[in-house]
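Given next are the chains, with one letter for each unit.
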Protein chains: 2
Amino acid sequence: MQVVLDYLRQHSSAYVEELCEYLRFPSISAQPDKSPEMRQCASWLQKRFEKAGLQAKLMETGGCPVVLAKTPRSGKARPHYLVYGHYDVQPPEPFELWKTPPFAPRLEGRNLFARGASDNKGQHLAHLYAVEAYLKTGTDLPCDLTFLIEGEEEVGSKNLAKFLKQNRAILKGEGVVISDTGMPSLKQPALTCGLRGIAAFEVKVHGPNRDLHSGIFGGTVDNPAFVLSQILATLRDKKGRIAIPGFYDDVQPLTASERKEIAKLKLDPVKYRNFLGVQELFGEKGYTLVEQRSARPTLEINGLTSGYQGAGSKTIIPAWASAKITCRLVPNQDPARIGKLVAAYLKCLCPATCRIEVEVGHAGEPYYVSPENPKARAGINALRRAFKAEPIMMREGGSIPIVNDFRKILGVDTLLLGLALPDDNAHSPNEKFNLDSFEKGMAMAVFLWQELAAIGSSSKIK
Amino acid sequence: MQVVLDYLRQHSSAYVEELCEYLRFPSISAQPDKSPEMRQCASWLQKRFEKAGLQAKLMETGGCPVVLAKTPRSGKARPHYLVYGHYDVQPPEPFELWKTPPFAPRLEGRNLFARGASDNKGQHLAHLYAVEAYLKTGTDLPCDLTFLIEGEEEVGSKNLAKFLKQNRAILKGEGVVISDTGMPSLKQPALTCGLRGIAAFEVKVHGPNRDLHSGIFGGTVDNPAFVLSQILATLRDKKGRIAIPGFYDDVQPLTASERKEIAKLKLDPVKYRNFLGVQELFGEKGYTLVEQRSARPTLEINGLTSGYQGAGSKTIIPAWASAKITCRLVPNQDPARIGKLVAAYLKCLCPATCRIEVEVGHAGEPYYVSPENPKARAGINALRRAFKAEPIMMREGGSIPIVNDFRKILGVDTLLLGLALPDDNAHSPNEKFNLDSFEKGMAMAVFLWQELAAIGSSSKIK
């Protein structure tokens with residue numbers, strides 16, 4: 001085992017350089033014009049897997065290709081695990097808030113800044129390198145592994161379910177390992193046992209058939225920006241609860257024991273407030289900060305667009321106004337039901353003076369696995385050995401919708417062993433990845449296959 | 001007189017071609033990067049005045065230059081009038097709604113499409129050509145005229161008051177003539193006796209210090225797009241009244257006789273609705289359509305901006321959200337008082353979870369002149385002779401803030417003889433100017449100096 005860890009140590013600076021190379025691709029799946037760069041990025045990754053000694057190929061999905069890579073099979077009966085990641089990244093806008101360009105990686109101390117550094121390129125490269133270290137040192141890799149690195153996670157993994165169904169035979173196994181979540185700090189590594197689901201919407205309120213002169217027509221015709229504001233304003237009450245009838249119907253209440261477990265994770269509200277730069281926090285009354293952001297559902301406006309947005313003023317009644325909205329969901333909320341509920345409510349709020357369109361976008365179910373389970377324990381052990389600190393079990397507020405597809409289509413559960421730190425700025429300007437996280441993550445991935453091999457086959461996580 | 005009108009007729013197609021040349025300048029005063037094009041446009045106009053036989057120069061204002069042009073002075077004691085117009089135009093966005101590019105004029109039947117065609121390039125060129133016809137045919141022009149064509153009308157004429165003060169000596173006279181308003185139809189030319197004032201605002205609600213991942217942070221921190229929506233939603237009530245305390249305090253109620261005069265102007269609500277493409281109109285209860293859009297104050301959201309606006313979705317809590325707002329004001333509302341009132345109210349609506357900034361922008365007072373007045377009658381006569389139809393007296397909903405500066409600084413009133421038709425799409429995509437309006441407008445401008453000379457000097461409009 002030491003030889004594998006030594007190999008990683010010897011190659012650590014080369015690996016950072018390679019990660020930089022990988023981060024230079026603007027692989028933004030939400031922007032259709034980035035399609036060529038998406039493919040270049042996927043090809044780079046495929047070749048890197050081949051260099052590590054895996055058999056890798058690009059597989060078409062109808063959208064951005066999947067990179068699929070298999071470790072050499074020994075023929076022995078050993079557990080087979082899927083390692084999932086995604087090479088696509090969030091849009092980097094607003095560019096002006098980046099200290100340096102999002103696709104020109106910059107190292108500052110132990111932090112490597114670039115869009116996708118932590119979410120998710122750095123995290124799945126750590127797994128690739130751990131396997132390379134096994135293979136290049138001739139050390140027996142105790143599990144058969146298949147890497148599935150997709151290019152549409154940030155747009156809801158819309159082609160992945162079909163891909164899983166079509167390739168079930170080669171993908172099925174003991175479970176899935178994903179490093180795409182976070183940990184409170186380098187001294188508190190974490191296994192994530194719960195994730196929030198998601199439901200996305202785009203609302204467009206149409207008023208007059210063109211932008212109108214507000215002097216000539218103002219006073220006689222409704223303003224869609226006003227109507228949109230009035231609709232949005234009613235979606236939330238003063239106690240921070242979503243005011244859509246039925247929204248909370250299926251929410252499974254937190255048990256006393258889970259609230260106790262959650263309370264282990266300390267979050268100082270003053271530090272948190274200062275970190276976010278706000279005078280006062282705002283959340284659902286009756287829940288702690290950690291509960292609010294990981295175990296309670298939300299509805300957020302992600303964007304507003306209407307009328308004139310340039311310099312100075314333009315005296316118009318805009319023809320339309322739109323909002324992007326996403327809900328974060330918790331067990332046992334069903335995204336399809338929430339989609340219908342929210343869309344119907346939005347529609348019923350629109351007055352006859354305007355016309356509303358609601359587009360229901362991507363969706364993902366919330367996820368929860370029991371922390372009491374041999375594979376979860378194996379993950380905890382790997383974390384403890386790599387980080388030399390006692391790991392915690394936590395829920396996370398983000399969504400990895402495909403975790404549910406793995407359960408439904410492949411019949412397996414997922415081990416979430418995330419390497420992101422709270423200040424990694426995922427989805428924000430100046431995203432970064434910590435190189436200690438990167439290196440300890442590689443070590444964790446080395447120990448993980450030992451720990452999982454030790455418990456043998458067929459003990460499902462749940 | 002006939003020789004002047006004949007001259008105009010002979011040159012009508014050349015004048016349309018020249019108007020097209022003038023319309024090709026993207027003279028957008030709201031966009032600082034268009035500063036070179038603004039100056040090119042002003043120079044073109046200066047040269048055109050010189051070609052017509054006037055003495056013309058560009059005069060610096062600190063912003064976009066003023067084009068000032070004087071007719072040759074005979075030395076005889078005759079009334080001196082100022083002719084005002086503006087060579088700057090509204091921003092053309094959204095470009096995709098223009099059938100052909102906004103600065104590539106296109107003639108379709110009798111309509112000439114281009115940004116600025118009707119507002120205001122076509123209208124002041126009509127006055128230029130009328131004077132050229134007097135001068136080139138050697139016909140005695142019965143008034144001394146000074147043209148003042150500015151470049152900042154669409155951004156609130158911010159440097160004009162100072163300019164008027166500095167040049168009071170050469171600008172003062174009997175009054176000002178402006179063709180920058182509208183008429184109901186070619187068969188119903190109009191003198192505008194009232195204008196609404198304006199007060200502009202930009203509101204920005206700040207939340208967290210950067211866009212946040214809505215999964216990681218959602219539920220614990222307020223969303224500025226929500227807060228902005230909630231603030232905006234409260235600014236208007238269901239009866240279409242502005243819900244800002246004190247907003248209506250200084251509004252002078254419409255008298256029964258004026259309501260009767262206004263009622264002469266017919267507006268078919270069904271046709272109007274269809275023209276605007278809405279299912280139902282919306283306005284202040286208790287007032288007719290024409291009253292709502294010309295004699296009652298409004299508050300409109302002109303633009304909304306927040307978070308992600310690109311393709312697909314981005315799961316963030318945006319760092320900020322902003323709105324552009326303008327109020328249209330009526331006699332005797334004071335824009336400065338309304339500015340303070342609105343800004344204070346917006347600020348008091350912002351919760352402690354966010355921070356609000358309100359910028360009070362350009363302002364203009366409402367305007368009203370009595371329809372009973374020799375100069376107003378002279379204007380009416382000129383319209384009647386040119387259009388061969390009975391003119392009406394009307395109020396208009398738009399704002400020409402500098403009309404108040406003329407009154408305050410030069411001590412004179414303004415005759416508003418607008419040539420725009422209701423479907424000219426001022427401030428909207430596919431702005432146009434009707435060539436019958438253009439030609440009849442030139443004839444009106446020919447008759448006007450006769451009519452005004454006939455009444456002699458010093459009968460103020462008011």
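Residues numbered from 1 in each chain as written. Chains lettered and ligands numbered in written order. Predicted model: local features only at pLDDT ≥ 70, side-chain atom pairs only at ≥ 80, totals over all residues. Heavy atoms only, no water.

A separate point is the relation of the copies chain A and chain B. By a simple turn and slide, chain A fits onto chain B: the slide is 0.0 Å along the axis, the RMSD is 0.0 Å, and the turn is 180 degrees. Taken together, the rotation angle and the small translation identify this as a two-fold axis. The position closest to the rotation axis in chain A is occupied by the C-alpha of Ser229(A), lying 2.1 Å away. In this assembly the copies share their binding face: 100% of the residues contributing to the interface of chain A also contribute to that of chain B. (Least-squares fit on C-alpha atoms with pLDDT ≥ 70 in both. Contact = heavy atoms within 4.5 Å.)

Between chain A and chain B, the residue contacts involve 90 residues of the former and 90 residues of the latter. For chain A, the biggest contributors to the area lost against chain B are Thr220(A), Phe226(A) and Leu304(A); these three give 9% of the whole. Where chain A meets chain B, there are two salt bridges. Close ionic contact of Asp222(B) with Arg236(A) constitutes a salt bridge, the shortest N to O distance being 2.8 Å. Taken together, chain A and chain B are joined by 58 residue pairs in polar contact (both at pLDDT 80 or more). Contributing elements (two or more residues each) for the side of chain A that touches chain B: β9 (197-206), β10 (212-213), α7 (224-233), α9 (269-276), α10 (289-294), β11 (298-307), β12 (316-317) and β13 (320-329) of chain A. With 10 residues, β11(A) is the single largest residue contributor to the side of chain A that touches chain B. Of the residues that constitute the side of chain A that touches chain B, the class distribution is 37 nonpolar, 37 polar and 16 charged. Alignment of β11(A) against strand β11 (residues 298-307) of chain B, held across five bridges, turns out to be antiparallel. Bridge pairing in β11(B) places Gly307(A) opposite Gly303(B). (Buried area = accessible area lost by both parts, 1.4 Å probe. Salt bridge = Lys/Arg side-chain N within 4 Å of Asp/Glu carboxyl O. Polar contact = N/O pair within 3.5 Å; in protein donor to acceptor, adjacent residues only side chain to side chain. Helix = DSSP H or I, 4+ residues; strand = E, 2+ residues; numbered from the N terminus. Nonpolar A, V, L, I, M, F, W, Y, C, P; charged D, E, K, R; others polar. Pairing = 2+ DSSP bridges.)

As a further point, take unusual backbone geometry. For the bond from Glu93(A) to Pro94(A), the omega torsion is 0 degrees, close enough to zero to count as cis. Positionally, Pro94(A) belongs in the loop between β3 (80-86) and β4 (106-108). The step from Pro331(B) to Asn332(B) runs through a cis peptide bond, and the omega angle for that step is 0 degrees. Tracing the backbone shows Asn332(B) in the loop between β13 (320-329) and α11 (335-349). The phi torsion at His427(B) lies on the positive side, around 70 degrees, for a residue other than glycine. With respect to the element layout, His427(B) can be found in the loop between β17 (414-416) and β18 (432-434). When its relative accessible area of 4% is taken as the criterion, His427(B) is described as buried. (Buried < 20%, exposed > 50% of the residue type's maximum accessible area, 1.4 Å probe, protein only.)

Here we take up the environment of Ala378(A). Residues and elements named next belong to chain A. Checked against the element boundaries, Ala378 lands in helix α12 (residues 374-387). Measuring from C-alpha to C-alpha, the distance between Ala378 and Val446 comes to 12 Å, with 68 residues separating the pair along the chain. Not counting residues within four places of it along the chain, the set of residues in contact with Ala378 comprises Leu448, Glu451 and Leu452.

Moving on, we get to the pattern of salt bridges. Scanning the entire structure with this criterion turns up 54 salt bridges over all chains. Between Arg259(A) and Glu291(A) there is a salt bridge whose closest N-O contact spans 2.7 Å. With Arg259(A) in helix α8 (residues 256-263) and Glu291(A) in helix α10, this pair connects stretches of sequence that are 32 residues apart. On the basis of relative accessible area, Arg259(A) is assigned to the partly exposed category, the value being 31%. When the shortest N-O distance is used, the salt bridge between Glu18(B) and Lys51(B) registers 3.2 Å. Placement of Glu18(B) in helix α2 (residues 12-23) and of Lys51(B) in helix α3 (residues 35-52) is noted, with a sequence separation of 33 residues between them. By sharing partners, the salt bridges in this structure join Glu18(A), Arg48(A), Lys51(A) and Glu132(A) into a single network.

Moving on, we come to the packing of helix α4 (residues 117-136) of chain A against helix α14 (residues 435-454) of chain A. All names here are of chain A. Look at α4 against α14: their axes get within 8 Å of each other, and the N-to-C directions meet at 55 degrees. With respect to each other, α4 and α14 are oriented oblique. As for how α4 packs across α14, the hand of that crossing is right-handed. Two secondary-structure elements touch here, α4 through Gly122, Leu125, Ala126, His127, Tyr129, Ala130, Val131 and Tyr134 and α14 through Phe438, Gly441, Met442, Met444, Ala445, Val446, Leu448, Trp449 and Gln450. By residue class, the composition of the contact of α4 with α14 is 13 nonpolar, four polar and no charged. (Axes fitted to C-alpha atoms, helices over the stretch in contact; angles between N-to-C directions. Parallel < 35°, antiparallel > 145°, perpendicular 65-115°, else oblique. Left-handed = near helix turned anticlockwise from the far one by under 90°.)

Considering every residue of chain A, the mean pLDDT works out to 94; 99% of them sit at 70 or more. If you check the scores for this complex, the pTM reads 0.76 and the ipTM reads 0.76. (pLDDT = per-residue confidence, 0-100.)

Ranked by size, the top nonpolar core spans 102 residues in total, and within it Tyr22(A), Phe49(A), Leu148(A), Phe406(A), Phe438(A) and Trp449(A) carry the most contacts. Ranked by residues supplied to this core, first place goes to α14(A) with 11 residues. If we skip the residues at most four places from it in the chain, Tyr22(A) touches Cys41(A), Trp44(A), Leu45(A), Tyr87(A), Lys121(A), His124(A), Leu125(A) and Ile149(A). Of all hydrophobic cores here, the second largest spans 101 residues; its members include Val4(B), Ala56(B), Val290(B) and Leu448(B). (Core = buried A, V, L, I, M, F, W, Y, C linked by side-chain atoms within 4.5 Å.)

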